[in-house]
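Below are the chains, spelled out letter by letter.
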Amino acid sequence: MINVVESLKNFVNGTQLIESKNETEIKDSTVVKKHHETSFTERVTALIEKGESKAARSAYTVVAVIMAIIIIGCLIYTVSFLPHFGGADNPANSSEVVRAYIENGIHDTGATNFVAGMILNYRAFDTLGESSVLFIAATAVIILLFRHKTKEEEKAESVEEEFYEDKHDVILRHGALILVPVTLMFGLYVLFNGHLSPGGGFSGGTIMGAALILYNLAFGDKSTKKFFNYNINKVVKIIALGFYALSQAYAFYVGANHLPSIISNGVAGTILSSGLILPLNVCVGFEVACTMFGFYSLFDREEI
Amino acid sequence: MLSGLISNFYETASIIVFGIGFVTLLLNRNIIKKIIGFNFMDTAIYLFLASKGYITGRIAPIVSERLGDANVVAYQAGTAVPNINNYVNPVPAGLVLTGIVVSVSFTAFFLALAVRLYRAYNTLDLHKIISIMNKEENEE
């Protein structure tokens, strides 16, 4: 980790060096050689470069506009041949897949929300990939933006925070005090009822992330770090994704070998039903909440 | 052609939004505006998928007591099947969900890259960045 930090620091310093170099170079280039000092080939290349960049840019604009017009025209022409909006016997709506999902959905998965049954049971592997994409994006953003602060910087920042923090913003603080628990509760409700009602892991997780962001905005960095810091974020994300992967591995093993699964589907319509969908929803939700708060926090102050 | 466009007005609107995003992506020099254009294109695709899955007069694909179609125990036992004429197409909902997650991920990634670019070159203008890069290459 320390090596990474050092290399990042070197990178930042290097870019600064490059910037200063550029400034000097720009000054140098203002001193133009006199006409008779340049050779013929130099004159020609300068002329070509100068003219080329301008011509290339205007050509690019023209080609881009023409391409956009062609593509949009083709798309609109295609849309005019599409089947009528909202028709029940459109090919997309009357296919065998849709019928199978709706008619066998509850029998197979135990979820009364067909979409939840579809994305977390029939296509759970796809959703694992989605969560991994989110995880990888969060990791990439951490690599690009995370900065370990020295103690002096931290001190300066805490002084700044003391100075600028709206300690007397009564409306914001009291509003957040009422709104944060309600929002968190609503997020958990959406999360735990993903297989019964609209919602699920992604939407519930986003609502929980919004609650965390609101708390952070109203009460500052220090009080957020008491219960949600970088390590907790990391551990929650890894446990959630790991549990998801393990449960999928178990489901694949059982399904491929035609073994009886120990996870029963329960009685459809009750909260503890539909097998793995509920724990998977919770996993996805916590992963999404941590990622959302991580994005906000990294873009705001380069740490979590 | 015009009647087809009017009867498919959601799809037409989504293509127009897609076009706005595409042109923003191509013609703006500012990186942040390019990312906004990308997001426009995503949103247009979601609108298109959602409107393709809609069926007039039907409800979201969740078994509901409102339609008198909530004999969940029988459905689970396999002795009865839900009435397919009550629900819209559930497939586009899943596709849109996947799309939204991927779009959020790459938007965050692009924005982080834009932050790093701004730190390195002190500008978000793509042409200026490219000219600075060319100068650096020539120096080497």
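See the structure above.
Keep in mind it's a predicted model, so treat the numbers as computed, not measured.

Taken as a whole, this structure holds 8 salt bridges over all chains when the rule is applied. Of the charged contacts, one joins R147 of chain A and E302 of chain A as a salt bridge, the two residues approaching to 2.6 Å between their closest N and O atoms. With R147 of chain A in the loop between helix 5 (124–145) and helix 6 (151–164) and E302 of chain A in the segment after helix 10 (277–301), this pair connects stretches of sequence that are 155 residues apart. Using a relative accessible area of 17% as the deciding quantity, one classes E302 of chain A as buried. Across the pair D125 of chain B and R29 of chain B runs a salt bridge, and its minimum N-O distance is 2.9 Å. One end of the pair, D125 of chain B, is in the loop between helix 5 (91–121) and helix 6 (126–139); the other, R29 of chain B, is in the loop between helix 2 (9–27) and helix 3 (31–53), with 96 residues separating them in the sequence. The exposure class assigned to D125 of chain B is buried, which follows from its relative accessible area of 15%. The network of salt bridges with common partners includes R147 and E302 of chain A together with R119 of chain B.

This next bit is on the interface of chain A and chain B. Taken together, the contact pairs 72 residues of chain A with 63 residues of chain B. Here chain A packs against chain B, burying approximately 5900 Å² in sum over the two surfaces, 70% of which is carbon and sulfur. Area buried by chain A at its contact with chain B is led by F85, I102 and L144 of chain A, which between them contribute 12% of it. In this structure, the connection of chain A to chain B is made through 1 salt bridge. The shortest N-O distance in the salt bridge between E302 of chain A and R119 of chain B comes to 2.5 Å.

Criteria and cut-off values
Residues numbered from 1 in each chain as written. Chains lettered and ligands numbered in written order. Predicted model: local features only at pLDDT ≥ 70, side-chain atom pairs only at ≥ 80, totals over all residues. Heavy atoms only, no water. Salt bridge = Lys/Arg side-chain N within 4 Å of Asp/Glu carboxyl O. Helix = DSSP H or I, 4+ residues; strand = E, 2+ residues; numbered from the N terminus. Buried < 20%, exposed > 50% of the residue type's maximum accessible area, 1.4 Å probe, protein only. Contact = heavy atoms within 4.5 Å. Buried area = accessible area lost by both parts, 1.4 Å probe.

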